There are 2 protein chains.
Amino acid sequence: MTTVTTRGISILLVDDHPVVRQGYRRVLEHQDDFRVVAEADNAANAYRAFKSHEPDVVVMDISMPGASGLEAIRNIRARDADARILVFSMHSEAAQVKAAFGAGASGFVTKGSEPAELIAAIRSVARGEHAMSDDVARVLALESLVPTRSALDQLGEREIEILRQFAAGSTKEQIAANLNLSTKTVQNYHYLIKAKTGMRTDAQLVRLAVECGLANL
Amino acid sequence: MTTVTTRGISILLVDDHPVVRQGYRRVLEHQDDFRVVAEADNAANAYRAFKSHEPDVVVMDISMPGASGLEAIRNIRARDADARILVFSMHSEAAQVKAAFGAGASGFVTKGSEPAELIAAIRSVARGEHAMSDDVARVLALESLVPTRSALDQLGEREIEILRQFAAGSTKEQIAANLNLSTKTVQNYHYLIKAKTGMRTDAQLVRLAVECGLANL
DNA sequence: AGTTTGGTCGGGCAAATTTCCCGACCTGCA
DNA sequence: TGCAGGTCGGGAAATTTGCCCGACCAAACT
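Figured I'd write up the structure that's included with this text.

The rules we used
Residues numbered from 1 in each chain as written. Chains lettered and ligands numbered in written order. Predicted model: local features only at pLDDT ≥ 70, side-chain atom pairs only at ≥ 80, totals over all residues. Heavy atoms only, no water. Phe/Tyr/Trp six-rings, centres within 6.5 Å; stacked < 30°, edge-to-face > 60°. Helix = DSSP H or I, 4+ residues; strand = E, 2+ residues; numbered from the N terminus. Buried < 20%, exposed > 50% of the residue type's maximum accessible area, 1.4 Å probe, protein only. Pairing = 2+ DSSP bridges. Least-squares fit on C-alpha atoms with pLDDT ≥ 70 in both. Contact = heavy atoms within 4.5 Å. Buried area = accessible area lost by both parts, 1.4 Å probe. Salt bridge = Lys/Arg side-chain N within 4 Å of Asp/Glu carboxyl O. Polar contact = N/O pair within 3.5 Å; in protein donor to acceptor, adjacent residues only side chain to side chain. Near = heavy atom within 4 Å. Nonpolar A, V, L, I, M, F, W, Y, C, P; charged D, E, K, R; others polar. Core = buried A, V, L, I, M, F, W, Y, C linked by side-chain atoms within 4.5 Å. Expected span 1.5 Å × (residues − 1). Axes fitted to C-alpha atoms, helices over the stretch in contact; angles between N-to-C directions.

### As for the packing of aromatic side chains
Centre-to-centre distance and the angle between the planes together describe a pair of aromatic rings. Residue and element names in this part refer to chain A. The final tally for this structure, using the stated rule, is two aromatic pairs over all chains. On the numbers, 4.8 Å between centres and 75° between planes, the contact of Tyr24 with Phe88 is edge-to-face. Of this pair, Tyr24 sits in helix α1 (residues 18-29) while Phe88 is found in strand β4 (residues 84-89), placing the two residues 64 residues apart along the sequence. Across this residue pair, the class does not change: Tyr24 and Phe88 are buried.

### Some details on the pairing of strand β3 (residues 57-60) of chain B
Residue and element names in this part refer to chain B. In β3, alternate side chains face the same way, and those of Val57 and Val59 on one face and Val58 and Met60 on the other are all buried. Inspection of the sheet shows strand β1 (residues 9-14) paired to β3 by four bridges, in the parallel sense. By the bridge assignment, Leu12 is partnered in β3 with Val58. Pairing of β3 with strand β4 (residues 84-89), which is carried by four bridges, proceeds in the parallel orientation. Residue Val58 lies in a different strand from β4, and its bridge partner there is Ile85.

### What to know about the relation of the copies chain A and chain B
Laying chain A over chain B is done by rotating through 179° and shifting 0.3 Å along the axis; what remains is an RMSD of 0.2 Å. Taken together, the rotation and translation relating the two chain copies correspond to the operation of a two-fold axis. A share of 100% of the interface residues of chain A reappears at the interface of chain B, consistent with the copies meeting face to face through the same patch.

### A word on the interface of chain A and chain B
Taken together, the 22 residues of chain A in the interface contact 23 residues of chain B. Each partner contributes to the roughly 1700 Å² buried at the junction of chain A and chain B, and carbon and sulfur atoms together form 50% of this total. Summed over the shared surface of chain A and chain B, the number is zero salt bridges. Across the chain A-chain B interface, the total number found is eight residue pairs in polar contact (both at pLDDT 80 or more). Elements with a contribution of two residues or more to the side of chain A that touches chain B: α3 (68-79), α7 (157-167), α8 (172-179) and α10 (202-211) of chain A. It is α10(A) that contributes the most residues to the side of chain A that touches chain B, seven residues altogether.

### Focus: the protein's contact with DNA strand C
Contacts to DNA strand C come from 15 residues, most closely from A:Arg158, A:Lys184, A:Thr185, A:Tyr189 and B:Lys172. Within 4 Å of the protein, the atoms of DNA strand C are drawn from sugar and phosphate moieties in a proportion of 68%. Note that a phosphate oxygen of DNA strand C is positioned 2.5 Å from one of the side-chain N or O atoms of A:Thr185. B:Tyr191 places a side-chain nitrogen or oxygen 3.0 Å from a sugar or linking oxygen of DNA strand C. Those elements that provide at least two residues to the surface near DNA strand C are α7 and α9 (183-197) of chain A together with α8 (172-179) and α9 (183-197) of chain B. Of all the elements, α9(B) adds the most residues to the surface near DNA strand C, at five residues. Looking at the surface near DNA strand C, its residues break down into three nonpolar, five polar and seven charged.

### A closer look at unusual backbone geometry
For residues besides glycine, phi is generally negative; the peptide bonds are generally trans as well. Residues and elements named next belong to chain B. Although it is not a glycine, Glu54 sits at a positive phi angle of roughly 45°. Mapped onto the elements, Glu54 comes out in the loop between α2 (43-53) and β3. Glu54 gets classed as exposed once you look at its relative accessible area, which sits at 56%.

### What to know about the nonpolar core
Of all hydrophobic cores here, the largest spans 40 residues; its most connected members are A:Leu163 and B:Leu163. Counting residues per element, the ones that place at least two in this core are α7, α8, α9 and α10 of chain A together with α7 (157-167), α8, α9 and α10 (202-211) of chain B.

### Overview of the side chain of B:Asp15
Residue and element names in this part refer to chain B. Tracing the sequence through the fold places Asp15 in the loop between β1 and α1 (18-29). Polar side-chain contacts of Asp15 include one of 3.0 Å to the side chain of Lys111. Apart from the residues lying within four places of it in its own chain, the contact partners of Asp15 are Val20, Arg21, Ala40, Asp41, Asp61 and Lys111.

### Side note on the protein's contact with DNA strand D
The local shell around DNA strand D holds 18 residues, among which A:Lys172, B:Arg158, B:Lys184, B:Thr185 and B:Tyr189 are the closest. A share of 64% is what sugar and phosphate atoms reach among the atoms of DNA strand D within 4 Å of the protein. Taking B:Lys184, its side chain carries an N or O atom lying 2.3 Å from a base oxygen of DNA strand D. In the model, a base oxygen of DNA strand D is placed 3.0 Å from a nitrogen or oxygen of the B:Asn188 side chain. Breaking the surface near DNA strand D down by element, the ones donating at least two residues are α8 and α9 of chain A together with α7 and α9 of chain B. Element by element, the count of residues in the surface near DNA strand D is highest for α9(A), at six residues. In terms of residue class, the surface near DNA strand D is built from three nonpolar, eight polar and seven charged.

### Topic: helix α5 (residues 115-126) of chain A
All names here are of chain A. In a regular helix each residue adds 1.5 Å, so twelve residues correspond to 16 Å; α5 covers 16 Å between its end C-alpha atoms and thus fits that length. Along α5, the residues classified as buried are Leu118, Ile119, Ala121, Ile122, Ser124 and Val125. Directly after α5, the chain includes Gly128, whose backbone phi takes a positive value near 90°.

### Section: the sheet that holds strand β2 (residues 34-40) of chain B
Residue and element names in this part refer to chain B. Taken together, six strands build an open sheet; the order of strands is β2-β1-β3-β4-β5-β6 and the sheet is parallel. Single-partner strands in this sheet number two, and they are β2 and β6 (131-132). In terms of strand pairing, β4 meets strand β5 (residues 107-110) through four bridges, oriented parallel. Paired with Phe88 across the strands is Val109, a residue of β5. Across the sheet, α1 lies against β1, β2 and β4, angled at about 165° from β2, the strand it touches most.

### Concerning the sheet that holds strand β1 (residues 9-14) of chain A
Residue and element names in this part refer to chain A. With respect to topology, six strands assemble into an open sheet ordered β2-β1-β3-β4-β5-β6, the strand pairing being parallel. If you trace the sheet from one side to the other, it starts and ends with β2 (34-40) and β6 (131-132), each paired once. Its contacts with the sheet place helix α2 (residues 43-53) against β1, β2 and β3 (57-60), and it is angled at close to 140° to β2. Running over the sheet, α5 touches β1, β2, β3, β4, β5 (107-110) and β6 and is turned about 160° from β4.

Everything listed here is a matter of coordinates, which is why it stays silent on function.
See below:
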C-alpha cells in the first residue's frame, strides 16, 4: 500500500503554536487530497520531520524564536533542493518575504488570508510553482517600485558600514577601532544585522555582502 | 637619478623577541640611509606603531603567537594599501610565503640569510619592488612546478570538505551531521583550518574559499 | 510644544563557542 | 619498526554570542 497511490499531497505543518497547528490541520484535512503527515514546533524538529517523512509540501510559520524559520528552510533545501516550502506568516513585510524566498521558500501566505488562499497556494507549490497571497503580492509589487538594490535595504547606514568591514575580513575589534565604537556595540550590530537579514552564519553574511556588491572579492 | 634619499628609509621593526630586534636594529642602522623609527613586539603594537610613524618599510617576523603576523600585515595594508612590508621569518615553507604575499607583504627573507640580503631586500621593497631571499625563491620555484592551485593545498581531504561546507553557509552542527562527526571535531577543524591558512576571521576564510573556487557564490 | 519613531550606542549575563593543548587511532612509507 | 601525519575528539579557560534592556538624539508626526 506504500506505492504512489492516491495522488494526494502529503504535508508537514510547522508552527510553534500548537493551537494554530491544530486549527490548520483541521482545515487542511478537509481537503480529501491533503494529508498532514507530521507536525513540528521548531526548526530542529521541522528538519528532522522532513527527513523522516519527506512530505510533498512543508507549511511553515517562520516567526519562531531565533529567526530559525529561515534557518529551517535553508536546512531543508540544503538536504533536498526540490523541497517545496510554503511560508505561512503573520507578517508580510517585504524584507521577510524576500528573505523567505531567498532562503528557498516556494510560497508565502499570510495568516490573514482566507483558508481558500492557503489551500490554493499549497496546490500550487505542490505542482512546483511559486505562490503568494494577494496581500503579499501587493507588498512586494510596491516594494519593487521603489529603488531597492537588495536585502540590505533594511539596514541603516551604520549597519551597512559594519557589514562591509566585516565581510572584508576585519575583526570586530578592528571595526570598533576604525569607527570609534566599543567592541560591544559592534557585536550588537553584528547580531542585529544577522537578525535583520535572516542570515544565521557569518559565512552566509559574507556571501550576502559579496552578492550585494558590498564587498568585492 | 633624483631619488628621495634625503630622508633615507624609515623602518619599523616587528619581532616578539627583544634580543633579535636589538641585533637587527644595530645591523640596519649601520646603513646610513636606514632609520629604525620604531619597534613593536606584537601584531597590535605593530599596527599602532605603523599608524603613528608611517614608516617606509616594515620589517616583520610573522611567527608570533596566534599567527598574528599575517593579521598585522592585513591590518596595515587595509589602512594603507601602499605600505611596504618585508617579512623576516625563521621558516621558508611555501605555504607561509604564499600566505604572507597573499596578505600583502612585499618581500620575504629568512633569518638564515646574510645581512646583506636583508639590506638589499629592504631597499628593493622601499622602491616598491618585490623581494625575497634566494632560499625562499628556490622553495617557491620548486612549489610552482608541482600542481598547486592555492593556499588550500596545505589542507587535507577532510579539512577541505569542512571548509567547503562552512563557506557554503552551513552551521558547524550541520556539517557535523552531514559528515557524521561530533560538533567538537568540526570546531577543532575550523580552528585548525584558520590556523593553517592564516585566516583570522570567518569572513576571511569564506573569501579564501570562494577565491579558490571551493565555494561558488 | 509634545510625542512618537527610529537610528545609534552600549551594559548585562547566561549560554555557547573559540582557542589551544592533549592523547588515541589508523595508514603509509622509509 | 618506527615515525610522520591525517583523523577524531576530550578538557578547560577565555571569549563571544544571543537576546534583552535603557539612554541619547534627531527627524517627523499631531
